[in-house]
Amino acid sequence: MSRDNLSDARIIDSWRKNASPWTDAVRGNQIESRALVTNRAIIDAVMSRAPRTVLDIGCGEGWLVRSLAEHGVRGTGVDVVPALIEQATSAGGGEFRVASYEDIAAGELDITVDVVVANFSLIGKESVEGIVHRAPELLEENGALIIQTLHPIVAGAGLPYEDGWRDGSWAGFSDEFSDPAPWYFRTLESWKSLLINAGFQTLEVREPVHPGTGKPASVIFIAA
């Protein structure tokens, strides 16, 4: 992939193309790390805040909103891909809306909640920075932003440990996937700096471990 195609816009293009196979993969429990570790890890992280309401940014086909509804949490999910919001709406469990990260960063989402959660959905550059800086305005008093993402140490793939765009891959997924989305690599220090600069005062970091590899399956930031 050329350097010109490493951008936030290319991420959206990819997800629009892969909405259907992604829905099948999530609902069919085809992603081992999610089934074994990260799904439960993000639910536990959200529930640790005892929320009444949650906003799931980049909600995809809506699995997390549905799962939290089973715990009595009222959820709203937003995603830029209409096909994913259609899937989420048809499955129910919460309210779902089409909205881009740029729309949210610009203040066009009129909502406040106890927890804003982004589960493996903050993979761009400018769009992610906009969301993180807007998040405090979306939170009720004593609310928290919770982000689960690839662990930088594990996901570095032997490349220099520095911020920058990386080519995407659907390795391990079915042949139905195509045109993998690029993603913007951030070090642990960069993630922490981004959250602190956005005005968050406290930060908890969790590192769920994959039982098979013994390595972190992800990193979770709980910023309040």
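Residues numbered from 1 in each chain as written. Predicted model: local features only at pLDDT ≥ 70, side-chain atom pairs only at ≥ 80, totals over all residues. Heavy atoms only, no water.

### Concerning the overall build of the protein chain
Then step 1. The helix and strand tally for the protein chain stands at 9 helices and 9 strands.
Then step 2. For 224 residues, the compact-globule estimate of 2.2 N^0.38 gives 17 Å, and the C-alpha radius of gyration of the protein chain, at 16 Å, lies within 12% of that figure.
Then step 3. The dimensions of the protein chain, computed from C-alpha atoms along their principal axes, are 40 × 40 × 40 Å.
Then step 4. A buried classification covers 50% of the 224 residues belonging to the protein chain.
Then step 5. Pairs at least 24 residues apart make up 67% of the contacts formed inside the protein chain by residues separated by at least 6 positions.
Then step 6. Of the side chains in the protein chain, 19 bear a positive and 31 a negative charge, and the two mean positions are spaced by 3 Å. (Helix = DSSP H or I, 4+ residues; strand = E, 2+ residues; numbered from the N terminus. Rg over C-alpha atoms; globule rule 2.2 N^0.38 Å. Buried < 20%, exposed > 50% of the residue type's maximum accessible area, 1.4 Å probe, protein only. Contact = heavy atoms within 4.5 Å. Lys, Arg positive; Asp, Glu negative; His and termini not counted. Charge placed at Lys NZ, Arg CZ, Asp CG, Glu CD.)

### Examining the pattern of salt bridges
Then step 1. What the rule picks out here adds up to 10 salt bridges.
Then step 2. Residues Asp179 and Lys17 are paired through a salt bridge, measuring 2.8 Å at the closest nitrogen-oxygen approach. Here Lys17 lies in helix α1 (residues 8-17) and Asp179 lies in the loop between β6 (164-166) and β7 (183-185), a separation of 162 residues in the sequence.
Then step 3. Judged by relative accessible area, Asp179 falls into the partly exposed class, the value being 23%.
Then step 4. One salt bridge connects Arg52 with Asp114, and the closest N-O pair in it is separated by 3.5 Å. Remark: Asp114 occurs in strand β4 (residues 113-119) and Arg52 occurs in the loop between α3 (32-47) and β1 (53-57); sequence separation between them is 62 residues.
Then step 5. Owing to a relative accessible area of 61%, Arg52 belongs among the exposed residues under this scheme.
Then step 6. Judged by relative accessible area, which is 14%, Asp114 ranks as buried.
Then step 7. Each of the salt bridges in this network shares a partner with another, and the network as a whole consists of Arg10, Lys17 and Asp179. (Salt bridge = Lys/Arg side-chain N within 4 Å of Asp/Glu carboxyl O.)

### As for the sheet that holds strand β3 (residues 95-98)
Then step 1. A sheet is described by the order of its strands in space; here 7 strands give the open sequence β3-β2-β1-β4-β5-β9-β8, paired in mixed fashion. Sheet topology places β3 and β8 (203-206) at the edges, where each strand pairs with a single neighbour. The average undirected angle you get between the axes of adjacent strands in this sheet is 15°.
Then step 2. Relative to strand β5 (residues 139-149), β4 runs parallel, the two sharing 6 bridges. For Val113, the partnering residue across the bridge sits in β5 and is Leu139.
Then step 3. The strands that helix α7 (residues 126-138) touches are β1, β4 and β5; relative to β5, the one it contacts most, it runs at about 150°. (Pairing = 2+ DSSP bridges. Axes fitted to C-alpha atoms, helices over the stretch in contact; angles between N-to-C directions.)

### Structural notes on the pairing of β1
Each regular strand carries side chains that alternate between the two faces of the sheet.
Then step 1. Most of β1 sits out of view: 5 of its 5 residues are buried.
Then step 2. The alternating pattern of β1 places Thr53, Leu55 and Ile57 on one face and Val54 and Asp56 on the opposite face, and all of these are buried.
Then step 3. With 5 bridges joining them, β1 and strand β2 (residues 74-79) adopt parallel strand pairing. Looking at the pairing, Thr53 lines up with Arg74 of β2.
Then step 4. Remark: the β1/helix α4 (residues 63-69)/β2 crossover connection has right-handed handedness.
Then step 5. Bridge count between β1 and β4: 3 bridges; the pairing is parallel. In the strand pairing of β4, Asp56 is matched with Val117. (Right-handed = clockwise from strand over helix to strand, strands pointing away.)

### Regarding the packing of α7 against helix α9 (residues 188-197)
Between two packed helices, the angle of one axis relative to the other and the distance separating the axes together describe the packing.
Then step 1. Orientation of α7 relative to α9, taken along the N-to-C sense of each, is 45°, at an axis distance of 8 Å. As judged from the angle between their axes, α7 and α9 are oblique. Touching Val128, Glu129, Val132 and His133 of α7 are Trp191, Leu194, Leu195 and Asn197, all from α9.
Then step 2. Among the residues forming the contact of α7 with α9, the class breakdown is 5 nonpolar, 2 polar and 1 charged. (Parallel < 35°, antiparallel > 145°, perpendicular 65-115°, else oblique. Nonpolar A, V, L, I, M, F, W, Y, C, P; charged D, E, K, R; others polar.)

Take it as geometry only, folks, not as evidence of what the structure does.
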